[in-house]
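Close look at the chain arrangement
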Amino acid sequence: MDKDEEEGLRVFALAVGCDDVSRRPMRPLWIARDGMRADVRGIISEWIEEERVGFRLEVSGGVSVLLYYVPELELWSGVWPAGATESSIVRRRR
């Protein structure tokens with residue numbers, strides 16, 4: 001992973017509570033940022049990329065969130081859902 005990509009991911013860093021990050025597959029239970037927290041209601045999809053694990057989650061309020069975990073950096077990165085609508089969700093690039 002190049003430095004620019006790492007810096008970009010860190011801008012969107014989130015705190016994530018998991019059942020057990022040493023166990024695979026891991027399951028995000030909640031996400032938090034700046035003292036705000038949202039519970040994960042369900043995992044819509046998950047996938048493995050070369051350098052990260054991706055999740056599309058449904059969180060409190062029925063909002064869909066894209067979340068990544070980068071094991072090399074021990075970093076969770078995503079977009080905070082507060083006030084999000086379906087049109088504001090970041091789409092996966094091909």
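Residues numbered from 1 in each chain as written. Predicted model: local features only at pLDDT ≥ 70, side-chain atom pairs only at ≥ 80, totals over all residues. Heavy atoms only, no water.

1. Considerations on the overall build of the chain
In terms of regular secondary structure, the chain is built from one helix and six strands. Reading the chain from its N end, one meets helices and strands in the order α-β-β-β-β-β-β. Per-residue burial for the chain yields a buried fraction of 37% across its 94 residues. The long-range fraction of contacts in the chain, counting pairs at least 24 apart against all pairs at least 6 apart in sequence, stands at 33%. Accessible area of the chain: about 6,000 Å², with a carbon and sulfur share of 49%. (Helix = DSSP H or I, 4+ residues; strand = E, 2+ residues; numbered from the N terminus. Buried < 20%, exposed > 50% of the residue type's maximum accessible area, 1.4 Å probe, protein only. Contact = heavy atoms within 4.5 Å. Areas by Shrake-Rupley, 256 points an atom, 1.4 Å probe, with all protein chains shown as cover.)

2. Some remarks on a nonpolar patch on the surface
On the surface, V11, F12 and V79 cluster together into a nonpolar patch covering about 240 Å² of accessible area. Relative to the assigned elements, V11 resides in helix α1 (residues 3–11). (Patch = residues over 30% accessible without salt bridge, like charges linked within 9 Å, V, L, I, M, F, W, Y side chains within 5 Å. Salt bridge = Lys/Arg side-chain N within 4 Å of Asp/Glu carboxyl O.)

3. Structural notes on the pattern of salt bridges
Here the structure, examined in full by the defined rule, presents six salt bridges. For the salt bridge of E5 with R52, the shortest nitrogen-to-oxygen distance reads 4.0 Å. Of this pair, E5 sits in helix α1 while R52 is found in the loop between β3 (36–48) and β4 (53–59), placing the two residues 47 residues apart along the sequence. With relative accessibility at 32%, the residue E5 sits in the partly exposed group. Between D39 and R37 there is a salt bridge, with the nearest N and O atoms lying 3.6 Å from each other. A single network of salt bridges, built from pairs that share partners, joins E5, E49 and R52.

4. Side note on the nonpolar core
Counting residues in each nonpolar core, the largest one holds 17 residues, and the members touching the most others are V16, I31, F55, V59, L67 and W76. Every element with two or more residues in this core is listed here: β1 (15–18), β3, β4 and β5 (63–70). (Core = buried A, V, L, I, M, F, W, Y, C linked by side-chain atoms within 4.5 Å.)

5. Some points on the sheet that holds β3
Spatial strand order, β1-β2-β3-β4-β5-β6: six strands in an open sheet with antiparallel pairing. Every other strand in the sheet has two partners, leaving β1 and β6 (75–78) as the edge strands with one partner each. Averaged over all neighbouring strand pairs, the angle between strand axes comes to 35°, with direction disregarded. As judged from the four bridges shared by β5 and β6, these two strands associate in the antiparallel manner. Pairing of Y68 across the sheet is with S77, part of β6. (Pairing = 2+ DSSP bridges. Axes fitted to C-alpha atoms, helices over the stretch in contact; angles between N-to-C directions.)

6. Here's the deal with the side chain of S77
Secondary-structure assignment places S77 in strand β6. Residues in contact with S77, not counting those within four places in the same chain, are L9, F12, A13, L14, L66, L67 and Y68.

That is the geometry; function is a separate question.
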